[in-house]
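As a plain string of letters, each chain reads:
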Amino acid sequence: MGNVSPGNAPIGVFDSGVGGLTVFREIMRQMPNERIVYFGDTARVPYGSKSRDTIVRYSRQIVRFLLTRQVKTIVVACNTASAYALDDLEKEFDVPMIGVVKPGAKVAAKASRNGRIGVIGTEATIGSSIYSQYIEALKSDAAISGKACPLFVPLVEEGLWEDPVTEEIARRYLAELIDIDIDTLILGCTHYPLIRSTIGKIMGPDVTMVNPAYETAQELKQMLAETGLLNSEQPGLGRDSYQFYVSDKADKFIHFANSIIKYGILSAKQINIEEY
Ligand code: DGL
């Protein structure tokens, strides 16, 4: 059975679909000896156009599922769920959790020189104004402009990462942020780093792009260290270290996951999330 220390339990990571793999990838990179269980809610993506109640209900079901996998902590690798559900989940469940919004806001507040910060995200995330709240608390003179980009998630989920259609849509969405001369742009949806090169091309080299995944993984590492939950053993890369679950279309997920994580995902299991 091996060592049963709590630190050797896996980290649970979830998103509405493949986007959270950008956070998974970063955790893998920064903490190579951690086990991870990933859940992508591929049957119910996108979350960004849904109501708060639905986002909370979906997120709660996923946390219940992840707890059956004996996770030691949960990373809400979805800005939309971080914005609407994280507070409720933290009250309801007795497991340490971390979202992506607070770490992203922190990096952006630090990175911006002219104080003009753009945030792109789902309709729900932008509608929540959560990034503005966190950034203003850290940098009171910041001017934050949010822009919902609802077509980005379906384009990413369809694999159109570098495609003229994605570029044209991105140009339309980003035009107003270019006009107001932002110097920092938060990729406030975990799907967006997958089209980072398209977004970067349009915004130009003077705009710093913030991917909250890096800081999230750093804060996670710190939290695990402080609570004595870092893995003390060295499981090494392999099938046993990472497990993937989805609510629909496991084959499609594996295909995309393999292009995001250069690791060779061999299997993803489909589960009925409505049972949780
Ligand atoms: N990737 C998610 C986020 O960070 C959600 C995308 C969606 O399902 O709409 O917001």
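Quick caveat, the model's predicted, so the values are computed rather than measured.

A. Structural view of the overall build of the protein chain. A count of helices and strands for the protein chain gives 12 helices and 10 strands. Its C-alpha atoms give the protein chain a radius of gyration of 18 Å, within 12% of the compact-globule value 19 Å for 276 residues. Dimensions of the protein chain along its principal axes, counting C-alpha atoms only, are 60 × 40 × 35 Å. Counted over contacts in the protein chain with a minimum sequence separation of 6, partners at least 24 positions apart contribute 78%. Within the structure as shown, the protein chain displays about 12000 Å² of accessible surface, and the carbon and sulfur contribution to it stands at 48%. In the protein chain, 29 positive and 33 negative side-chain charges are present, and the distance between their average locations comes to 2 Å.

B. Geometry of the site of the ligand. Surrounding the ligand, one finds 14 residues, the nearest of these being Ser16, Tyr47, Asn79, Thr80 and His191. Here an oxygen atom of the ligand and a backbone polar atom of Gly48 are 2.8 Å apart. One of the backbone nitrogen or oxygen atoms of Thr190 is found 2.8 Å away from an oxygen atom of the ligand. When the ligand sits alone it has 290 Å² of accessible area, and the protein chains cover 99% of it.

C. Structural context of the side chain of Thr198. Examined against the element boundaries, Thr198 turns out to sit in helix 10 (residues 196–203). Discounting chain neighbours no more than four positions away, the residues touching Thr198 are Trp161, Glu162, Thr166, Glu167 and Ala170.

D. Region of interest: the nonpolar core. In this structure, Leu21, Ile27, Ile120, Phe152, Leu185, Ile199 and Phe244 are the most contacted members of the largest nonpolar core, which totals 57 residues. Considering every element that reaches this core, the biggest residue donor is helix 12 (residues 250–260), with six residues.

E. Structural view of helix 7 (residues 130–138). Taken residue by residue, helix 7 has Ile130, Tyr131 and Ile135 as its buried positions. Taken end-on, helix 7 shows its buried residues confined to a sector of 120°, consistent with a single buried face. Facing away from the buried surface of helix 7 by more than 90 degrees, the exposed residues are Gln133 and Ala137.

F. Structural context of helix 10. For helix 10, the set of buried residues is Thr198, Ile199, Gly200, Ile202 and Met203. Along its buried surface, helix 10 packs onto strand 5 (116–121), helix 8 (152–157), helix 9 (164–179), strand 7 (184–187) and strand 8 (208–210). Two residues or fewer after helix 10 comes Gly204, characterised by a positive phi angle close to 90°.

G. Structural context of the sheet that holds strand 6 (residues 143–148). Spatially, the four strands line up as an open sheet ordered 6-5-7-8, and their pairing is parallel. Since the sheet does not close on itself, it has two edges, and those belong to strand 6 and strand 8, each with one partner. Adjacent strand axes in the sheet meet at a mean angle of 20°, parallel and antiparallel pairs treated alike. Where strand 5 meets strand 7, four bridges bridge the pair, whose relative direction is parallel. Looking at the pairing, Val119 lines up with Ile186 of strand 7.

H. Molecular detail of the environment of Glu274. Position of Glu274 relative to the elements: it lies in the segment after strand 10 (269–270). Those residues in contact with Glu274 that lie beyond four places of it in its chain are Arg44, Arg57 and Gln61. Within the local environment of Glu274, its side chain forms a polar contact with the side chain of Arg44, the two groups lying 3.0 Å apart. Looking at Glu274, its side chain comes within polar contact range of the side chain of Gln61, at 3.2 Å.

I. Representation of the pairing of strand 5 within the structure. The element strand 5 is largely enclosed, with a buried count of five among its six residues. Here six bridges tie strand 5 to strand 6, and the two strands are oriented parallel to one another. Directly across from Gly118, in strand 6, lies its bridge partner Ser145.

J. Here's a closer look at the sheet that holds strand 3 (residues 73–76). With parallel pairing, six strands are arranged side by side in an open sheet as 4-3-1-2-9-10. Of all the strands in the sheet, the pair left with one neighbour each is strand 4 (97–99) and strand 10. Inspection of the sheet shows strand 9 (residues 242–246) paired to strand 10 by two bridges, in the parallel sense. Within strand 10, the residue paired with Tyr245 across the bridge is Lys269.

K. View of the state of the cysteines. As enumerated under the stated definition, the model contains zero disulfides in all. The thiol sulfur of Cys189 is not disulfide-bonded, and the nearest other cysteine sulfur, from Cys78, lies at 6.8 Å. By relative accessible area, which is 5% here, Cys189 ends up buried.

L. The pairing of strand 7, seen in detail. Burial along strand 7 is two-sided: the face carrying Thr184 and Ile186 and the face carrying Leu185 and Leu187 are both buried. Here strand 7 runs beside strand 8; their pairing, made up of three bridges, is parallel. Of the residues in strand 8, the one forming a bridge with Ile186 is Val210.

Criteria and thresholds
- Residues numbered from 1 in each chain as written.
- Predicted model: local features only at pLDDT ≥ 70, side-chain atom pairs only at ≥ 80, totals over all residues.
- Heavy atoms only, no water.
- Helix = DSSP H or I, 4+ residues; strand = E, 2+ residues; numbered from the N terminus.
- Rg over C-alpha atoms; globule rule 2.2 N^0.38 Å.
- Contact = heavy atoms within 4.5 Å.
- Areas by Shrake-Rupley, 256 points an atom, 1.4 Å probe, with all protein chains shown as cover.
- Lys, Arg positive; Asp, Glu negative; His and termini not counted.
- Charge placed at Lys NZ, Arg CZ, Asp CG, Glu CD.
- Near = heavy atom within 4 Å.
- Polar contact = N/O pair within 3.5 Å; in protein donor to acceptor, adjacent residues only side chain to side chain.
- Core = buried A, V, L, I, M, F, W, Y, C linked by side-chain atoms within 4.5 Å.
- Buried < 20%, exposed > 50% of the residue type's maximum accessible area, 1.4 Å probe, protein only.
- Arc of directions from axis to C-beta.
- Pairing = 2+ DSSP bridges.
- Axes fitted to C-alpha atoms, helices over the stretch in contact; angles between N-to-C directions.
- Disulfide = S-S within 2.5 Å.

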